[in-house]
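# Chain and residue survey
Here is what each chain is made of, one letter per residue.
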Amino acid sequence: MSDLRIVGWKRYGQDRLYVNLPDNTSVAWADRRTGKVTILVEKYRHEALDLLRPQFRKDVSPAPVEPPASPPRPPAAVAADQLPPLTPQDDLASNRPGAALRELLDREGPTPGRRFLNWLLRRETEWDSYRKGLAGELRVGSELERLTRRGWRVLHSIELPRQVDIDHLLIGPGGVFCINTKRHLGKEVWVGDEMVRIDHGKPQPYGRKSKAEARRVQDVLERYVGIPVQVEPVLVFVGVTRLDKVSTQFAVRVYREREVSALGPLSGVLDPEQVDAVFAVARNRCAWLAA
């Protein structure tokens, strides 16, 4: 077998079972009411049928059909019908990397004079971590913007309720990625299934939080887009001297800042119409208000 898996899908009165590869590319689908099977990728015909056959009653025999000229996909919802019209004030596409942190620093942070005094006295403050975070988001944001040449869309600094913000959201042919940036200049980083250690220090719940943020993003997108949208969590570490990951850690993608370009070649998850539909929802601030 090729690690195929079955995913249920119900929308617009349809009830289907999709057979997907590990990267969520669909190779076949079946109508649960009629038992009719559509093969999308011929090389997986027999494996897909073996998986689907036990899902049906004995009196319903899945009948494979030849793939149509344009393989059907779950239709993309028209997000504009479910959300208020997009206004310049609510268009998150205009956000620059680190916009939320920059606004916080400008509004509540120390004045330039106070920062200079703290620097002279070598006195660290709580605002130093915010400035380091801003520098990390700017660095990673610059790398992500390069991927727009390959058909990807990028959003930065999406603020959610309960004092949560998404550093970057990457949407494109390879899927949707919720990206959390961490800057630890000159540090060694170890990444486990749930926790991260910086220079062998106290465990930090970076992995757990990244997965929780990705789930919140997925809930919002699937509420307004009429297709299953899998959102993968990503941790990007900036300025670290060493990055180690346990061999069992697959739930969160982990990169250094220069390695995030590895997402660029990914494809086969969303077609251009679906990318447009997901991006139309994600860029509208109104979609996130109840996240």
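Here goes a summary of the coordinates provided. What you see is a predicted model, and the numbers here were worked out from it, not measured in a lab. (Residues numbered from 1 in each chain as written. Predicted model: local features only at pLDDT ≥ 70, side-chain atom pairs only at ≥ 80, totals over all residues. Heavy atoms only, no water.)

### Notes on helix α5 (residues 206-224)
If you check α5, its first and last C-alpha atoms are 28 Å apart, about what 19 residues at 1.5 Å a residue would give, namely 27 Å. Along α5, the residues classified as buried are Y206, G207, S210, K211, E213, A214, R216, V217, V220, L221 and Y224. Buried-residue contacts for α5 involve β6 (153-160), β7 (164-172), β8 (175-183), β10 (196-198), β11 (231-238) and α6 (272-282). (Helix = DSSP H or I, 4+ residues; strand = E, 2+ residues; numbered from the N terminus. Expected span 1.5 Å × (residues − 1). Buried < 20%, exposed > 50% of the residue type's maximum accessible area, 1.4 Å probe, protein only. Contact = heavy atoms within 4.5 Å.)

### Some thoughts on the packing of aromatic side chains
For the coordinates displayed, the defined rule picks out two aromatic pairs. Seen from their ring centres, Y206 and F237 are 6.4 Å apart, and the 40° between their planes marks the pair as tilted. Here F237 lies in strand β11 and Y206 lies in helix α5, a separation of 31 residues in the sequence. Classification of Y206 by relative accessible area gives buried; the value is 12%. Residue classification places F237 among the buried positions, given a relative accessible area of 0%. Positioned over the ring face of Y206 is K182, at 4.5 Å from the centre of the ring. (Phe/Tyr/Trp six-rings, centres within 6.5 Å; stacked < 30°, edge-to-face > 60°. Lys NZ or Arg CZ within 6 Å of the ring centre and 35° of its normal.)

### Let's talk about the sheet that holds strand β13 (residues 253-256)
Taken in spatial order, the five strands make up an open sheet running β6-β7-β8-β11-β13, and their pairing is mixed. With partners counted over all chains shown, the strands left at the sheet margins are β6 and β13, one partner each. Mean inter-strand twist for the sheet, computed between neighbouring axes without regard to direction, equals 30°. Alignment of β8 against β11, held across eight bridges, turns out to be parallel. Opposite R183, over in β11, you have V238 as the bridge partner. Against the sheet, α5 touches β6, β7, β8 and β11, its axis set at about 140° to β11. (Pairing = 2+ DSSP bridges. Axes fitted to C-alpha atoms, helices over the stretch in contact; angles between N-to-C directions.)

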